[in-house]
Amino acid sequence: MNQNPTKHTKVLIIGSGPAGYTAAVYAARAMLNPILVYGSEPGGQLTTTTDVENYPGFADVIQGPWLMDQMKEQAKTVGTEMIEDHIKSVNLKSTPFEAIGDSGQKFTADSIIISTGAQARWLNLKSEQEFRGFGVSACATCDGFFFKEKEVAVVGGGNAAVEEAMFLTKFASRVKLIHRRDSLRAEKMLQKKLMGNKKIEIIWDTVIEDVIGDKEPKNVRGIKVKNLKTNKIEDIKVDGLFVAIGHDPATSLFKDQLKMDSDGYLITKPDSTETNIPGVYAAGDVKDKTFRQAVTAAGMGCMAALEAEKHLSHK
């Protein structure tokens, strides 16, 4: 049994990444002495992104993991206490709020900023994970630029997949949209636009069996697909594969305590990061299924810290 005394803080930040680290920087600079609890993947999705070319302030290409290390160090330097633990339960029904880690450590907090992020759903193929960052991506707005005049495939059938396919036509010479059914789930307006785009070919009733590529240097050469109606297997030559089958926000911890939408994303008030419980804020991909960028997550982290500070000053 862990005998650590309860740790109390004015601001408890759950989760790292651009939202959590930025919230920590702002909260620490406001002399709130925040505690940030990060899990087994500090830095979140950006740590699996190698080349970052769209984060403001860097003319040269930077590395995702490096950017997260810098944000973490900055948050530490200005006075954030960083603790590695996995929060397994929270009680937001009364104040101070309570959170308990896997280690047995109990935290109490006057306000909480949730920045637990989301994870892309993957096809769960060994080869897909092997080429992740080397031609396999879950973010067209992040990586589309690297596929100028190349052929790419997108897998999925919802709004995200259609939007990614459309976006990729700005760069790629051909885009193949691969969907396991014979109709798309995406909104009709989007479908119409998609069908009208000459660069896009839709491959129906098809699943991806394998990603094919070179080991040295690592890059994608094609995909092995299977038609579910005919069971015919064939290889398609592509330079990149974009997986767009959805994201899962890390919100199971807050079920029955915080308002969420049907996909599990936390709902906040308009122009605010405040959840349905005053003093509890949500920032980054845990509440944002629209933009999902490092810079928007960082912006929300800033908002959450400023809102938490205001909330605490009124108490």
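A brief structural summary. Being a predicted model, the structure only gives us computed values, none of them experimental. (Residues numbered from 1 in each chain as written. Predicted model: local features only at pLDDT ≥ 70, side-chain atom pairs only at ≥ 80, totals over all residues. Heavy atoms only, no water.)

### So, the overall build of the chain
Turning to step 1, where the next piece is worked out: The helix and strand tally for the chain stands at seven helices and 19 strands.
Turning to step 2, where the next piece is worked out: Against the globule reference of 20 Å for 315 residues, the chain gives a C-alpha radius of gyration of 21 Å, in line with a compact fold.
Turning to step 3, where the next piece is worked out: Considered along the principal axes of its C-alpha atoms, the chain spans approximately 60 × 40 × 40 Å.
Turning to step 4, where the next piece is worked out: Within the span of the chain, comprising 315 residues, buried residues form 50% of the whole. (Helix = DSSP H or I, 4+ residues; strand = E, 2+ residues; numbered from the N terminus. Rg over C-alpha atoms; globule rule 2.2 N^0.38 Å. Buried < 20%, exposed > 50% of the residue type's maximum accessible area, 1.4 Å probe, protein only.)

### Regarding the sheet that holds strand β15 (residues 219-227)
Turning to step 1, where the next piece is worked out: Across the sheet, three strands lie side by side as β14-β15-β16; this open sheet has antiparallel pairing. Single-partner strands in this sheet number two, and they are β14 (206-214) and β16 (233-237). When strand polarity is set aside, the average angle formed by the axes of neighbouring strands in this sheet is 30 degrees. (Pairing = 2+ DSSP bridges. Axes fitted to C-alpha atoms, helices over the stretch in contact; angles between N-to-C directions.)

### What to know about the state of the cysteines
Formally, a disulfide is one covalent bond, and it connects the sulfur atom of one cysteine to the sulfur atom of another.
Turning to step 1, where the next piece is worked out: One pass over the full model with this rule turns up one disulfide.
Turning to step 2, where the next piece is worked out: Across a sulfur-sulfur distance of 2.0 Å, Cys139 and Cys142 are joined as a disulfide pair. Judged by the sign of its S-S torsion, about 75 degrees, the bond between Cys139 and Cys142 is right-handed.
Turning to step 3, where the next piece is worked out: Its relative accessible area of 26% is what places Cys142 among the partly exposed residues. (Disulfide = S-S within 2.5 Å.)

### Focus: the pairing of strand β12 (residues 174-178)
Turning to step 1, where the next piece is worked out: Most of β12 is tucked away: four of the five residues are buried.
Turning to step 2, where the next piece is worked out: In the sheet, strand β11 (residues 151-155) pairs with β12 via five bridges, with the strands oriented parallel. Bridging across to β12, Ala153 finds its partner in Lys176.
Turning to step 3, where the next piece is worked out: Once the chain exits β11 it traverses helix α5 (residues 159-168) before rejoining the sheet at β12, and the crossover so formed is right-handed. (Right-handed = clockwise from strand over helix to strand, strands pointing away.)

### Points about the packing of α5 against helix α6 (residues 188-195)
Turning to step 1, where the next piece is worked out: Two elements in contact, α5 and α6, have axes whose closest approach is 10 Å; the angle formed by their N-to-C orientations is 30 degrees. The hand of the α5/α6 crossing is left-handed. Taken together, the residues of α6 that come into contact with α5 (itself represented by Asn159, Val162, Glu163, Ala165 and Met166) are Leu190, Lys193 and Leu194. (Left-handed = near helix turned anticlockwise from the far one by under 90°. Contact = heavy atoms within 4.5 Å.)

### What about the nonpolar core?
Turning to step 1, where the next piece is worked out: Counting residues in each nonpolar core, the largest one holds 31 residues, and the members touching the most others are Ile13, Leu36, Tyr55, Leu67 and Ile113.
Turning to step 2, where the next piece is worked out: Of all the secondary structure elements, the ones that give two or more residues to this core are β1 (7-14), α1 (17-29), β2 (35-38), α2 (64-77) and α7 (294-314).
Turning to step 3, where the next piece is worked out: Looking at which element gives the most residues to this core, the answer is α7, with eight residues.
Turning to step 4, where the next piece is worked out: The next biggest cluster of nonpolar side chains, apart from the first, holds 22 residues, and it includes Ile14, Ile112, Ile277 and Ala282. (Core = buried A, V, L, I, M, F, W, Y, C linked by side-chain atoms within 4.5 Å.)

### Some thoughts on the environment of Ala186
Turning to step 1, where the next piece is worked out: Mapped onto the elements, Ala186 comes out in the loop between β12 and α6.
Turning to step 2, where the next piece is worked out: Counting along the chain gives 30 residues from Ala186 to Gly156, while the straight-line C-alpha distance between them is 9.8 Å.
Turning to step 3, where the next piece is worked out: The residues touching Ala186, leaving out its near neighbours within four places in the chain, are Gly157, Gly158, Asn159, Val162 and Gln191.

### Examining unusual backbone geometry
Turning to step 1, where the next piece is worked out: At the junction of Thr95 and Pro96, the peptide bond is cis and its omega measures out at -5 degrees in the coordinates.
Turning to step 2, where the next piece is worked out: The residue Pro96 is located in the loop between β6 (87-91) and β7 (97-101) in this model.
Turning to step 3, where the next piece is worked out: Looking along the chain, the bond that leaves Glu216 and enters Pro217 is cis, with omega of -20 degrees.
Turning to step 4, where the next piece is worked out: In this structure, Pro217 sits in the loop between β14 and β15.
Turning to step 5, where the next piece is worked out: One non-glycine residue, Glu149, adopts positive backbone phi at about 60 degrees.

### Focus on the packing of aromatic side chains
Turning to step 1, where the next piece is worked out: Within the structure shown, the criterion is met by six aromatic pairs.
Turning to step 2, where the next piece is worked out: Arranged with centres 5.4 Å apart and planes meeting at 75 degrees, the rings of Phe147 and Phe242 form a pair that is edge-to-face. Linking Phe147 in the loop between α4 (140-143) and β11 with Phe242 in strand β17 (residues 240-243), this pair joins segments that are 95 residues apart in sequence.
Turning to step 3, where the next piece is worked out: Accessibility expressed as a relative area gives 0% for Phe242, which makes it buried.
Turning to step 4, where the next piece is worked out: Within the aromatic cluster, the residues linked to one another by ring pairs are Phe145, Phe146, Phe167 and Phe171. (Phe/Tyr/Trp six-rings, centres within 6.5 Å; stacked < 30°, edge-to-face > 60°.)

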